[in-house]
Amino acid sequence: MQLHKLFVALMAVFLFIAACGGGGGAPTAPPSGDTPGGGEPATSPVDPATAGAITGKVLFTGTAPEPEPILMEAEPECQAQYPDGAFTETAVVSDDGTLQNVFVYVKEGLGDLKFPVPTESALLDQQGCRYHPHVFGVQVGQELIIRNSDGILHNIHPMPTINRPFNLGQPVKMDSKRTFDKVEVLIPIACDVHEWMSGYAGVLDHPYFSVTGSDGAFSLPNLPPGTYTIVAWHELYGEQTMSVTIGEKESKEIEFTFEGN
């Protein structure tokens, strides 16, 4: 009888861990839904002979908030990677007055066009107790590799409102694979182990998205001729929209400007 009770208790613990995604879980199980199946196109519906592009920069005016220092004493291995100290990435303004980590994407204008799921995986790495990249995009059904490069316990906790959430534990250096099955812009990602770790994932059903880097630039290539609603989203300053029309083989440059205090 005692052995039976012990077996039942152990099975309950195992099922609880599996349901929560704790302890590393099964690294290849996609808890956010299966990759879309039949009916997906094999190739892009865009004719490269007529496609154009929208490029540009995201500028910043005013005063940006001072980056807040991150206290990493609890993780000396991570703290050692920042000899000048680690700081938050909520608002990163480059010396040339451009804004980093802005998610720029096509919101409207593609009509009924359907795009193939990329065969190349996206990557979300955890290095130095930070998410890299801080902001990124994937397509619906695209494989997302979640990597623990630190070798210490991390916990990846996306908090979507449309997709199914998951809570994935990675106690050692390892890769796990996940997918999102619905469009959602943007999904905050936290770590329940390290409260300073944060990131955002944009999930779209097309490939027209870009994230600004240190030069504030973005690029949306291979767009068919048409009129598009372009959105620039930032975690602190919200979003801006712009209507842009391009003709055959036309490239247009645009600018978004966010303002601080």
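Caption draft 1: A look at the environment of Y208. Position of Y208 relative to the elements: it lies in the loop between strand 13 (198-204) and strand 14 (209-211). With relative accessibility at 2%, the residue Y208 sits in the buried group. If near-sequence neighbours (up to four positions away) are discounted, Y208 is found in contact with V46, V104, Y105, V106, L110, F115, L220, P221, N222, L223 and P224. Here N222 takes part through its backbone oxygen, which lies 2.7 Å from a polar atom of the side chain of Y208.

Caption draft 2: Just the state of the cysteines, in detail. For the structure shown, the criterion picks out one disulfide. A sulfur-sulfur distance of 2.1 Å marks the disulfide that ties C78 to C129. The sign of the S-S torsion, about 70°, decides the handedness of the disulfide formed by C78 and C129: right-handed. Here the residue C78 occupies a position in helix 2 (residues 76-79), and C129 occupies one in the loop between strand 5 (122-127) and strand 6 (130-132), the gap between them amounting to 51 residues. Assigned by exposure class, C78 and C129 land together as buried.

Caption draft 3: The arrangement of the sheet that holds strand 5 in detail. Sheet architecture is open: four strands sit in the order 6-5-8-11, paired in mixed fashion. This sheet does not close on itself; its edge strands, each paired only once, are strand 6 and strand 11 (174-178). Between one strand and the next, the sheet's axes are offset by a mean angle of 20°, whatever the strand orientation. Pairing analysis gives three bridges linking strand 5 to strand 6, with the strands arranged antiparallel. When the bridges of strand 6 are listed, Q126 appears paired with Y131.

Rules used throughout
- Residues numbered from 1 in each chain as written.
- Predicted model: local features only at pLDDT ≥ 70, side-chain atom pairs only at ≥ 80, totals over all residues.
- Heavy atoms only, no water.
- Helix = DSSP H or I, 4+ residues; strand = E, 2+ residues; numbered from the N terminus.
- Buried < 20%, exposed > 50% of the residue type's maximum accessible area, 1.4 Å probe, protein only.
- Contact = heavy atoms within 4.5 Å.
- Polar contact = N/O pair within 3.5 Å; in protein donor to acceptor, adjacent residues only side chain to side chain.
- Disulfide = S-S within 2.5 Å.
- Pairing = 2+ DSSP bridges.
- Axes fitted to C-alpha atoms, helices over the stretch in contact; angles between N-to-C directions.

That's the geometry; what it means functionally is another story.
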